[in-house]
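Okay, here's what each chain looks like letter by letter:
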Amino acid sequence: MKTFVHWVDRAPLWLFALLVATVGLAPWIPEPHVAEKLRWLFAGELTRPLDVLDLVVHAVPWLLMAFKLYRNSLTTKGAP
């Protein structure tokens with residue numbers, strides 16, 4: 001876990017933004033898969049294993065970006 005956190009701390013923020021813009025929002029038309037899969041999840045229609053895997057693939061960049069922003073907020077709290 002420490003290795004992962006260290007990697008997230010060292011990686012530039014633009015890398016996570018690029019992952020969100022490409023994998024996290026793909027395909028852009030007609031709507032991002034992550035939005036569609038989340039709608040299915042909340043409606044109880046996300047039942048096929050392939051759809052669950054698709055949700056995970058498209059959600060991971062968002063989770064990484066959130067974790068990176070959280071880690072940045074911790075390191076800049078004490079800065080003047």
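Throughout, residues of each chain are indexed from 1 in the direction in which the sequence is written. This being a predicted model, a pLDDT of at least 70 is required before a residue's local features are given, and a value of 80 or more before pairs of side-chain atoms are given or counted; all residues contribute to the totals for chains, interfaces and linings. Only hydrogens and water are set aside when side-chain values are computed; all heavy atoms of the structure are taken into account.

*Asks:* Mind showing me how you'd approach the overall build of the protein chain here?
*Replies:* Strands are runs of DSSP state E lasting at least 2 residues, helices are runs of H or I lasting at least 4, and numbering of each runs from the N terminus. Looking only at helices and strands, the protein chain has four helices and zero strands in total. Along its sequence from the N terminus, the protein chain presents helices and strands in the succession α-α-α-α. Between the two quantities, the radius of gyration covers C-alpha atoms and the globule rule is 2.2 Å times the number of residues to the power 0.38. Computed over the C-alpha atoms, the radius of gyration of the protein chain is 15 Å, more than 25% above the 12 Å expected from 2.2 N^0.38 for a compact globule of 80 residues. Based on the C-alpha atoms only, the size of the protein chain along its principal axes is roughly 45 × 25 × 20 Å. The contacts in the protein chain between residues at least 6 apart in sequence include a share of 62% that link residues at least 24 apart. For the accessible areas, the method is Shrake-Rupley and the probe is 1.4 Å, while residue cover comes only from the protein chains on display. Counting only carbon and sulfur atoms, one obtains 73% of the accessible surface of the protein chain, whose full area is about 5800 Å². Positive: Lys, Arg. Negative: Asp, Glu. His and the chain ends are not part of the count. Every charge is mapped to an atom, namely NZ of Lys, CZ of Arg, CG of Asp or CD of Glu. Side chains of the protein chain carry 8 positive and 6 negative charges; the gap between the two charge centres is 15 Å. In this description, contact between two residues means that some pair of their heavy atoms is separated by no more than 4.5 Å.

*Asks:* What should I look at first to understand the packing of helix α1 (residues 2–10) against helix α4 (residues 49–76) in this one?
*Replies:* When two helices pack together, their arrangement is captured by the angle between the axes and the distance separating the axes. Every angle, taken between N-to-C directions, lies between 0 and 180 degrees, and every axis is a line fitted to C-alpha atoms, over only the stretch in contact when it is a helix. Where α1 meets α4, the closest approach of the two axes is 10 Å, and the angle between their N-to-C directions is 80°. It follows from the interaxial angle that α1 and α4 lie roughly perpendicular. In contact with Phe4, Val5, Val8 and Asp9 of α1, α4 contributes Leu64, Phe67, Lys68 and Arg71. For this scheme, ten residues count as nonpolar: Ala, Val, Leu, Ile, Met, Phe, Trp, Tyr, Cys and Pro. Four count as charged, namely Asp, Glu, Lys and Arg, and the remainder, Gly too, count as polar. Of the residues belonging to the contact of α1 with α4, the class tally is five nonpolar, no polar and three charged. By the definition adopted for this analysis, an angle is roughly parallel if under 35 degrees, roughly antiparallel if over 145, roughly perpendicular if from 65 to 115, and oblique otherwise.

*Asks:* Got a minute to help me understand the confidence of the model for the protein chain in this structure?
*Replies:* Regions with low pLDDT carry predicted coordinates that are not meant to be interpreted in detail. What pLDDT conveys is the predictor's confidence in a given residue, as a value from 0 to 100. Confidence along the protein chain averages 88 in pLDDT terms, with 95% of residues attaining 70 or more. Per-residue pLDDT, averaged within each element of the protein chain, yields its smallest value for helix α3 (residues 33–43) (90) and its largest for α1 (92).

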